[in-house]
Amino acid sequence: MAANDFFWNERVAAYDGNGVNKTMIISELRRRLETEVGSESLIFPDDDRYEIARFGYNLMYDRRPAAIVRTLNVNALRRVLQISRQMDLRVAIRGGGHHIGGFSTIDDGILIDFSIFRDIRFDEHTDIVSVQPGVRLGDIDARLARFGRCLPGGTVSDTGITGLTLGGGIGWLVGIAGLTCDYLQSATLLLHNGKLIEVTDATEPHLMAALRGGGMGGFGIILELKYRTIPMPRLVAGSIPFSNSDAINALNAIGASHAVEEYSALSIAPTLRRCSDGINMSVDLCLAGEHDQELFRLQKAIGGDWSNISEVQYTEWQSRFDEDFLPPRRGYWTSTHFASARQDFDTLASIIDAAPSGGCTALIEFYNRKILQRHARNSFYPLRSSAVGVLLTARWVEVENDPKFIDWARSSAAVLRQGDTTGGYSNYSNDGDKSVVSGYQKEVLDVMFDLGEKFDPHYTFGLGHRQRIFRGESA
């Protein structure tokens, strides 16, 4: 069967499409899994744990797997893959389950759920940290803090390390240390055919580059990741509030200042939000190291109330914004990156003013391009020429409001993309977001396609942005 035929096979999406009884197939799946894998690793729809276990971060993807498998046993996983292939069932894999695109869940197929596997090992002699695929950033932060080390990560402590790495890993240390994926040393991968491989720069350089921020998935089941770590830096961080015209003026001033000389030790991430009396902006910032002159330069550029800025502990700052992403809700995100930080941010005022609720935000992140490029280590991460990225987020509760919020995000992004853009960040985008693929060079997309043909020819692990390459959008 050709890969395209496999992906579009309607029997995968609806078992009774060819006259096959869905109930009979699910019953057979259960029998085989219980016999060949073991009931202790399985959760089925009639299990009391099922309703909690099946949910992902984005409730728009309220899917119901036919079975949930929780095991790291390689032989058991081999049997799961064999069963899925023989029964023509789709597979989804969950690490932290935090992606806004709902890639870690599936209807009627098999969900391999690693979210409970969160062990971490740190080697003090090599400063290498080894993690299981369900580890969250908060787990790593806490463990490494004991040794005065850290791994540059994201900005929400509940984010899964596996998905973050596959998409890149933008966090508070991006200015001085680059991306999470830049620190990936190796990955243990179980392929669709049951072969277990160790992926490194020496063994599979192209596959390693794809795992380092390629944004197109893992091409197999990731069982362990190993990372280099860095000494934990001193942090000075906090938030500076602005409102209405002062907010946009300050945002334009940040862009102008960054365009003159890109901040490096200082990571700046303003967030705009609609409120009852107009627009509020919080300029959230984090200085790593002793480069206080960058703080003084920004303060001179934007003014405002800096009383909240102080020295903070790394682990505390890394979890400071967790509540902004709780509880699980419906959501749609889309991001746009630009090569120049000198943008007309006045456009964002009208975008936020038109937002359906205060649950919609615009997050602006500024990057040092030289640092991003300097830290690149055999990586397919596509946005190293971006000076600034704008993330539009919409989160809501009611199903009937889906069209309103999604349309706001999409139409607003279309306005932003009328300028000179460099693409979209895969970790901030739904699977239908064409801007993600547009950020890659054609040569890289061709290599990604070839990797799929070599390591995952039946598209067993195809959920996510890789779908767009598979559909021929690399041309």
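See above for the structure.
Residues numbered from 1 in each chain as written. Predicted model: local features only at pLDDT ≥ 70, side-chain atom pairs only at ≥ 80, totals over all residues. Heavy atoms only, no water.

Colleague: Requested: an account of the overall build of the chain, with residues and values cited.
Modeller: Within the chain, the secondary structure is distributed over 18 helices and 19 strands. A compact globule built from 475 residues would reach a C-alpha radius of gyration of about 23 Å, and the chain, at 22 Å, matches this within 12%. Along the first, second and third principal axes, the C-alpha atoms of the chain reach 70 × 55 × 45 Å. Sorting the 475 residues of the chain into buried and exposed places 58% on the buried side. Within the chain, contacts between residues at least 6 apart in sequence are counted, and of these 73% link residues at least 24 apart. About 18900 Å² of surface is accessible on the chain, with carbon and sulfur atoms providing 48% of the total. (Helix = DSSP H or I, 4+ residues; strand = E, 2+ residues; numbered from the N terminus. Rg over C-alpha atoms; globule rule 2.2 N^0.38 Å. Buried < 20%, exposed > 50% of the residue type's maximum accessible area, 1.4 Å probe, protein only. Contact = heavy atoms within 4.5 Å. Areas by Shrake-Rupley, 256 points an atom, 1.4 Å probe, with all protein chains shown as cover.)

Colleague: Describe the sheet that holds strand β9 (residues 196-199), listing the residues and the values that go with them.
Modeller: In spatial order, the strands read β5-β6-β10-β8-β9; together these five strands make up an open sheet with antiparallel pairing. Two strands bound the open sheet, and with one partner strand each, they are β5 (120-123) and β9. Ignoring which end each strand starts from, the neighbouring axes of this sheet average 15° apart. Here four bridges tie strand β6 (residues 128-131) to strand β10 (residues 221-228), and the two strands are oriented antiparallel to one another. The partner of Val-131 across the bridge, within β10, is Leu-225. (Pairing = 2+ DSSP bridges. Axes fitted to C-alpha atoms, helices over the stretch in contact; angles between N-to-C directions.)

Colleague: Got a sec to walk through unusual backbone geometry? Specific residues and values, please.
Modeller: A cis amide bond, omega -10°, links Leu-326 with the succeeding residue Pro-327. Of note, Pro-327 is situated in the loop between α12 (314-318) and β16 (330-338). With a phi angle near 60°, Asp-88 is a residue other than glycine that sits in the positive phi range. With respect to the helices and strands, Asp-88 occurs in the loop between α5 (74-86) and β3 (91-94). If you check the backbone angles, Tyr-459 has positive phi at about 60° while not being a glycine. Here Tyr-459 shows up in the loop between α17 (442-455) and α18 (466-473).

Colleague: So what about α5? Which residues, and what values?
Modeller: A rise of 1.5 Å per residue sets the reference length of α5, with its 13 residues, at 18 Å; its end C-alpha atoms lie 18 Å apart and thus fit the reference within 8%. Among the residues making up α5, those that are buried are Ala-76, Leu-77, Val-80, Leu-81, Ile-83 and Ser-84. Take α5 and look down its axis: the buried residues cluster within an arc of 160°, on one side only. Along its buried surface, α5 packs onto α3 (22-36), β2 (67-69), β3, β4 (110-113), β8 (184-190) and β10. (Expected span 1.5 Å × (residues − 1). Arc of directions from axis to C-beta.)

Colleague: Now, about α17: what can you tell me, with residues and values included?
Modeller: Working note: α-helix, 3.6 residues per turn, so residues spaced by three or four point in the same direction. The end-to-end C-alpha separation of α17 is 20 Å, in line with the 20 Å expected for 14 residues at 1.5 Å each. Turning to α17, its buried residues are Val-444, Leu-445, Met-448, Leu-451, Gly-452 and Phe-455. What you see down the axis of α17 is that its buried residues fit within an arc of 110°, all on one side. Facing away from the buried side of α17, by more than 90 degrees, are the exposed residues Glu-443 and Lys-454.

Colleague: How would you explain the pattern of salt bridges if you had to name every residue and give the values?
Modeller: As enumerated under the stated definition, the model contains 26 salt bridges in all. The residue Lys-454 makes a salt bridge to Glu-204 at a minimum N-O spacing of 3.5 Å. Of this pair, Lys-454 sits in helix α17 while Glu-204 sits in the loop between β9 and α9 (205-211), and the two are 250 residues apart along the sequence. Using a relative accessible area of 53% as the deciding quantity, one classes Lys-454 as exposed. For Glu-311, the salt bridge goes to Arg-234, with nearest N and O atoms at 3.4 Å. On the criterion of sequence distance, the pair formed by Glu-311 in strand β15 (residues 310-312) and Arg-234 in the loop between β11 (230-231) and β12 (235-243) is long-range, its members being 77 residues apart. (Salt bridge = Lys/Arg side-chain N within 4 Å of Asp/Glu carboxyl O.)

Colleague: Residue-level account of empty space enclosed by the protein, with values.
Modeller: Under the definition given, this model contains two cavities of 30 Å³ or more. A volume near 40 Å³ is recorded for the second largest cavity. Around the second largest cavity sit Gly-56, Tyr-57, Asn-58, Tyr-61, Gly-97, His-99, Gly-102, Phe-103, Ser-104 and Thr-105, which together line it. Residue composition of the lining of the second largest cavity, by class: three nonpolar, seven polar and no charged. (1 Å grid on protein atoms, 1.4 Å probe; cavity = no way out; pocket = protein on both sides within 12 Å on 5 of 7 lines; lining within 4 Å. Points joined across faces, edges and corners; volume = space filled by probe spheres on them. Nonpolar A, V, L, I, M, F, W, Y, C, P; charged D, E, K, R; others polar.)

Colleague: An account of the nonpolar core is requested, with residue identities and associated values reported.
Modeller: Val-131, Ile-161 and Tyr-227 are the most contacted members of the largest nonpolar core, which has 67 residues in total. Look past the residues within four positions of Val-131 in its chain and what remains in contact with it is Asp-119, Ile-120, Ile-140, Ile-161, Leu-223, Glu-224, Leu-225 and Tyr-227. Counting residues in hydrophobic clusters, the runner-up holds 48 residues, among them Leu-251, Leu-348, Ala-362 and Phe-366. (Core = buried A, V, L, I, M, F, W, Y, C linked by side-chain atoms within 4.5 Å.)

Colleague: A description of the packing of aromatic side chains should follow, citing residues and the corresponding values.
Modeller: In total, this model carries eleven aromatic pairs according to the counting rule given. Seen in terms of ring centroids, Trp-172 and Trp-317 are 5.3 Å apart; in terms of plane orientation they differ by 55°. Their pairing is tilted. One end of the pair, Trp-172, is in the loop between α7 (161-167) and α8 (174-177); the other, Trp-317, is in helix α12, and 145 residues separate them in sequence. Like Trp-172, the residue Trp-317 is buried in the burial classification. Plain terms: the ring middles of Trp-317 and Phe-321 are 5.3 Å apart, the flat faces sit at 85° to each other, and that makes the pair edge-to-face. Here the aromatic residues Phe-325, Trp-333, Tyr-381, Tyr-425 and Tyr-428 are joined through ring pairs into a cluster of three or more. When the ring centre of Phe-55 is taken as reference, the NZ or CZ atom of Arg-54 above it lies at 4.4 Å. A cation over a ring is seen here: Arg-297 above Tyr-263, with NZ or CZ 3.8 Å from the ring centre. (Phe/Tyr/Trp six-rings, centres within 6.5 Å; stacked < 30°, edge-to-face > 60°. Lys NZ or Arg CZ within 6 Å of the ring centre and 35° of its normal.)

Colleague: Could you give an account of the packing of helix α13 (residues 346-353) against helix α15 (residues 402-416), naming the residues involved and the relevant values?
Modeller: Orientation of α13 relative to α15, taken along the N-to-C sense of each, is 165°, at an axis distance of 11 Å. Classified by the interaxial angle, the pair formed by α13 and α15 is roughly antiparallel. The two elements α13 and α15 meet at a crossing, and its hand is right-handed. Listed contacts from α15 to Thr-347, Leu-348, Ile-351 and Ile-352 of α13 are Trp-408, Ser-412, Val-415 and Leu-416. Grouping the amino acids of the contact of α13 with α15 by side-chain chemistry returns six nonpolar, two polar and no charged. (Parallel < 35°, antiparallel > 145°, perpendicular 65-115°, else oblique. Left-handed = near helix turned anticlockwise from the far one by under 90°.)

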